[in-house]
Amino acid sequence: MKIVLAAALVALGALPAIAADTKDMKIALSNNYAGNSWRQAMLKSWDTVTKQAVSDGVIAEAPAFTTSENQATEQAGQIQNMILQGYNAIVIDAASPTALNGAIRQACDAGIVVVTFDGIATEPCAYRIAVDFKKLGSMQIDFFKSRGLKGNLLEIRGLAGVFVDDEIHSGVESAVKADPDFKIVGSVHGNWTQTVAQKEVAGILPTLPDIVAVATQGGDGFGAAQAFKDAGRKEPVIFMGNRDDELAWWKQQKDANGYVTMSASIAPGSSAFAFWVAQKILAGDKVPQDMTLPITVVTQDNLEEQIKHTEKGSVTNVNYSRQDVSNILAEGQK
Amino acid sequence: MSRQALFATAERLLPAITLGLLLAAIFTEQPRAMSYFGLNLLLSLAIPIMFATLAQMMIIAINDLDLSIGSYVSLVACIGSTLLTSQPWLGALALVCGIALYAAVGALIEWRRLPSIVVTLGLSFVWLGLAVTLLPTPGGKAPAWLSGSMRAQPAFAPLPIYFAAVLSLVGWLVVSRSSFGVILRGAGGNARSVARAGWSLLGIRMAVYGMAGLLGTISGLCLLGLTTSGDANLASRYTLVSIASVILGGGSFIGGRVFPVGAVLGAMTLTLAASFLTFMRINADWQIGAQGFILVAVLALRAMLSRGREAA
């Protein structure tokens, strides 16, 4: 009733659009894990954006909660607690795509808006902000193609058995299959970690012919570069993953010998994106149930600019504003 | 009442007092929780933990420890969300096989005199492997009757309260009042004398592990009913939570000293402790520590009471 009334007032022009609707509402972040640089940056983005939103009077409160053991049952309990605490919307980075469905259903039944992002949930009543990981794989091959490269590729994969690794890999694989110019001659699991990638690549290099390019998943590019250098081999085009060490290396190579590559990953600011989506839904805006998070790309031209958005030991970030989110959603609907 | 009896009563009542204090704290912090809806939300995830705790309690009663219960509960949830929905008879058969395997493991431990910790630790990887084979990526769907019955809203009190009451009563009747209970606790207290009295320790161990398997199966089904779909790592934390709940409920690792009512209360206490810490807005980094602190405080109190009883 209250929402309807508020919407009517907005329509009549009696209230300014954003500020009045949701200023008494509360949005909570339920996060399952905080143990890596991406998640830390994600929580920081949430903090920055929501603090500003609270002081602007857009929202009453937007605290973040992280479960201590990264377990689905624990996060389900956390969501149930949030229902009791009377939040109007819950934004979730889920520990499991399915195990939270029961708790999310309860939240929806209690009239709470549920937005899942990054780690999304399959429950139909929740909004999903997914990442197109397949595209993150295929765009690498497209980039190599646009550079006029031909020949052997090395693929560095992520953590075996994890959904994200499978998705990116299948993107790379299908793009290579469609293109007779490329052939994957080696594949290692770098676990998205510089040291692991370096060790694994160093191990497989002696068995490989000349490599023209390396497809990666982020966090592993700098390690791969080190391994090629140590083996005394020519540096191939290594696709980067927006990590601070990767960009720094790229910059150094670019200045030294005009090295050209590209870098892409998901900005940790996706939490801010999810926050604005939740806020827009509360404000009565129409938002699609399934959305796709934009991939943040660093190119030869904006490298210097993007390095400024990348903190030491972290990932290139974008703090989405409400307007950014509106623009991206409008573009997605075209 | 003598002082000794007073201390003994206080010790027995400790799990109930702990739970009461925690509930009171939650109600003052979050008055909305003091309702049918609120209690249901707070305690619904305690239902599978209660069953897992009772499964662990059976094993602890005979001085063993089950490190595989968490992954077994996850496996049951995976069977439930795949086979039980698509081919109900095959699913039911798989669940029965799981219970039979549990009993067989009990027999193996008795027969070869193996340490239960090692066997069950190994077994936990077997369960996880089976679960991943069945359900490589999280998904599946719980049978409608299961998710429907876990959403039931009975009259007077929310579902978890009924579960707690019935489980406490049945557990108390079986463990503390029946002749099977006497043998069970006897096998934990002094296995040799039970064997000398003509009981087969092999049979006892098989029965105990089989019952633990049955309780673990019910736990997995309840959990699946709540989450509505499976995940191979759904319940991995239940292993440690169930052990902590048994101990919190007054049980000991040796001597066949277990208390079903206490164990049920312990399971509810541990579930609520996490909620309480969230309501208090305690930072996640401190939450595990704070939970541990609650556990240590209760156990220290119990040790004091039991020393007081012995001194009196």
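Everything numeric in this text was worked out from a predicted model, so none of it was measured.

## Comments concerning the overall build of chain A
Right, on to step 1. For chain A, the helix and strand inventory stands at 13 helices and 12 strands.
Right, on to step 2. Over its C-alpha trace chain A gives a radius of gyration of 22 Å, about what one expects of a compact globule, namely 20 Å for 334 residues.
Right, on to step 3. Over its C-alpha atoms, taken along the principal directions, chain A stretches across nearly 70 × 40 × 35 Å.
Right, on to step 4. In chain A, which comprises 334 residues, the proportion classed as buried is 55%.
Right, on to step 5. Contacts spanning at least 24 positions in sequence make up 71% of the contacts within chain A whose residues lie at least 6 apart.
Right, on to step 6. Across chain A, the mean location of the 29 positive side-chain charges is 3 Å away from that of the 37 negative side-chain charges.

## Concerning the overall build of chain B
Right, on to step 1. Regarding its fold elements, chain B presents 15 helices and zero strands.
Right, on to step 2. A compact globule built from 312 residues would reach a C-alpha radius of gyration of about 20 Å, and chain B, at 20 Å, matches this within 12%.
Right, on to step 3. Seen through its principal axes, chain B has C-alpha atoms that stretch 60 × 55 × 40 Å.
Right, on to step 4. Classification of the 312 residues of chain B by burial places 53% in the buried group.
Right, on to step 5. The long-range share in chain B, meaning contacts at least 24 apart out of those at least 6 apart in sequence, stands at 79%.
Right, on to step 6. When the accessible surface of chain B is summed, it comes to about 14,000 Å², and 71% of that surface belongs to carbon and sulfur atoms.
Right, on to step 7. Side chains of chain B carry 18 positive and 8 negative charges; the gap between the two charge centres is 7 Å.

## Concerning the sheet that holds strand β1 (residues 27-31) of chain A
Residues and elements named next belong to chain A.
Right, on to step 1. Spatial strand order, β2-β1-β3-β4-β5-β11: six strands in an open sheet with parallel pairing. Looking at strand neighbours, the two that pair on one side only are β2 (64-66) and β11 (290-293), the edges of this open sheet. Looking at each pair of strands side by side, their axes are set apart by 20° on average, direction ignored.
Right, on to step 2. The pairing of β1 with strand β3 (residues 89-93) spans five bridges and is classified as parallel. The residue of β3 that forms the bridge with L29 is V91.

## So, the domain arrangement of chain A
All names here are of chain A.
Right, on to step 1. The domains assigned to chain A are domain 1 (2-118 + 267-302 + 312-332) and domain 2 (133-265).
Right, on to step 2. Placing the centre of domain 1 and that of domain 2 at their C-alpha centroids yields a distance of 33 Å.
Right, on to step 3. Counting from both sides, the interface comprises 12 residues of domain 1 and, opposite them, 17 residues of domain 2.
Right, on to step 4. Interface of domain 1 and domain 2: buried area, both sides summed, is about 1,200 Å²; carbon and sulfur atoms make up 51% of it.
Right, on to step 5. Three residues stand out in domain 1 for area buried against domain 2, namely I295, V298 and Q300, and they jointly supply 50% of the buried area on that side.
Right, on to step 6. At the boundary of domain 1 and domain 2, one finds zero salt bridges.
Right, on to step 7. Taken together, domain 1 and domain 2 are joined by 10 residue pairs in polar contact (both at pLDDT 80 or more).
Right, on to step 8. Class assignment of the residues belonging to the side of domain 1 that touches domain 2 gives a composition of five nonpolar, six polar and one charged.

## Overview of the packing of helix α3 (residues 46-61) of chain B against helix α14 (residues 260-279) of chain B
Residue and element names in this part refer to chain B.
Right, on to step 1. At their nearest, the axes of α3 and α14 sit 9 Å apart, and the two run at 140° to each other. Relative to α14, α3 is oriented oblique. As for the relative orientation of α3 and α14, their crossing is right-handed in sense. Between α3 and α14, the residues in contact are A46, I49, M50, T53, L54 and M57 and P260, A263, V264, A267, M268 and T271, respectively.
Right, on to step 2. Here the residues of the contact of α3 with α14 are counted per class, giving 10 nonpolar, two polar and no charged.

## Digging into the state of the cysteines
In protein structure, a disulfide is the covalent linkage between the sulfur atoms of two cysteines.
Right, on to step 1. Under the definition given, this model contains one disulfide over all chains.
Right, on to step 2. The disulfide partner of C108(A) is C125(A), and the S-S distance across this bridge is 2.0 Å. The disulfide joining C108(A) to C125(A) has a torsion of about 80° about its S-S bond and is therefore right-handed. Linking C108(A) in helix α5 (residues 101-109) with C125(A) in the loop between β4 (113-117) and β5 (127-131), this pair joins segments that are 17 residues apart in sequence. This pair shows no difference in class: C108(A) is buried, exactly as C125(A) is.
Right, on to step 3. Here C78(B) is not disulfide-linked; the sulfur of C222(B) is the nearest cysteine sulfur, at 16 Å.

## Brief notes about the sheet that holds strand β8 (residues 213-215) of chain A
All names here are of chain A.
Right, on to step 1. Spatial strand order, β7-β6-β8-β9: four strands in an open sheet with parallel pairing. Of all the strands in the sheet, just β7 (182-189) and β9 (237-238) have a single pairing partner and so form its edges.
Right, on to step 2. In this structure, strand β6 (residues 151-157) lies alongside β7, joined through seven bridges in parallel fashion. Residue L154 lies in a different strand from β7, and its bridge partner there is G186.
Right, on to step 3. Relative to the sheet, helix α8 (residues 194-204) contacts β6 and β7, its axis offset from that of β7 by approximately 125°.

## Observations regarding the packing of aromatic side chains
Right, on to step 1. Per the counting criterion, the structure on display carries 12 aromatic pairs over all chains.
Right, on to step 2. Seen in terms of ring centroids, W249(A) and Y259(A) are 5.2 Å apart; in terms of plane orientation they differ by 80°. Their pairing is edge-to-face. Highlighted residues: W249(A) in helix α10 (residues 244-257) and Y259(A) in the loop between α10 and β10 (263-265), separated in sequence by 10 residues.
Right, on to step 3. When the ring of F275(A) is compared with that of W276(A), the centres are 5.0 Å apart and the planes differ by 65°; the resulting orientation is edge-to-face. Side by side, F275(A) and W276(A) carry an identical accessibility label, which is buried.
Right, on to step 4. One aromatic cluster is present, built from ring pairs that chain together W46(A), F275(A) and W276(A).
Right, on to step 5. Between K26(A) and the ring centre of Y87(A), over which it is positioned, the NZ or CZ distance is 4.8 Å.
Right, on to step 6. Here the guanidinium or amino end of R112(B) rests over the ring plane of W111(B), the centre of that ring lying 5.3 Å away.

What counts as what
- Residues numbered from 1 in each chain as written.
- Chains lettered and ligands numbered in written order.
- Predicted model: local features only at pLDDT ≥ 70, side-chain atom pairs only at ≥ 80, totals over all residues.
- Heavy atoms only, no water.
- Helix = DSSP H or I, 4+ residues; strand = E, 2+ residues; numbered from the N terminus.
- Rg over C-alpha atoms; globule rule 2.2 N^0.38 Å.
- Buried < 20%, exposed > 50% of the residue type's maximum accessible area, 1.4 Å probe, protein only.
- Contact = heavy atoms within 4.5 Å.
- Lys, Arg positive; Asp, Glu negative; His and termini not counted.
- Charge placed at Lys NZ, Arg CZ, Asp CG, Glu CD.
- Areas by Shrake-Rupley, 256 points an atom, 1.4 Å probe, with all protein chains shown as cover.
- Pairing = 2+ DSSP bridges.
- Axes fitted to C-alpha atoms, helices over the stretch in contact; angles between N-to-C directions.
- Domains from an automatic or database assignment.
- Buried area = accessible area lost by both parts, 1.4 Å probe.
- Salt bridge = Lys/Arg side-chain N within 4 Å of Asp/Glu carboxyl O.
- Polar contact = N/O pair within 3.5 Å; in protein donor to acceptor, adjacent residues only side chain to side chain.
- Nonpolar A, V, L, I, M, F, W, Y, C, P; charged D, E, K, R; others polar.
- Parallel < 35°, antiparallel > 145°, perpendicular 65-115°, else oblique.
- Left-handed = near helix turned anticlockwise from the far one by under 90°.
- Disulfide = S-S within 2.5 Å.
- Phe/Tyr/Trp six-rings, centres within 6.5 Å; stacked < 30°, edge-to-face > 60°.
- Lys NZ or Arg CZ within 6 Å of the ring centre and 35° of its normal.

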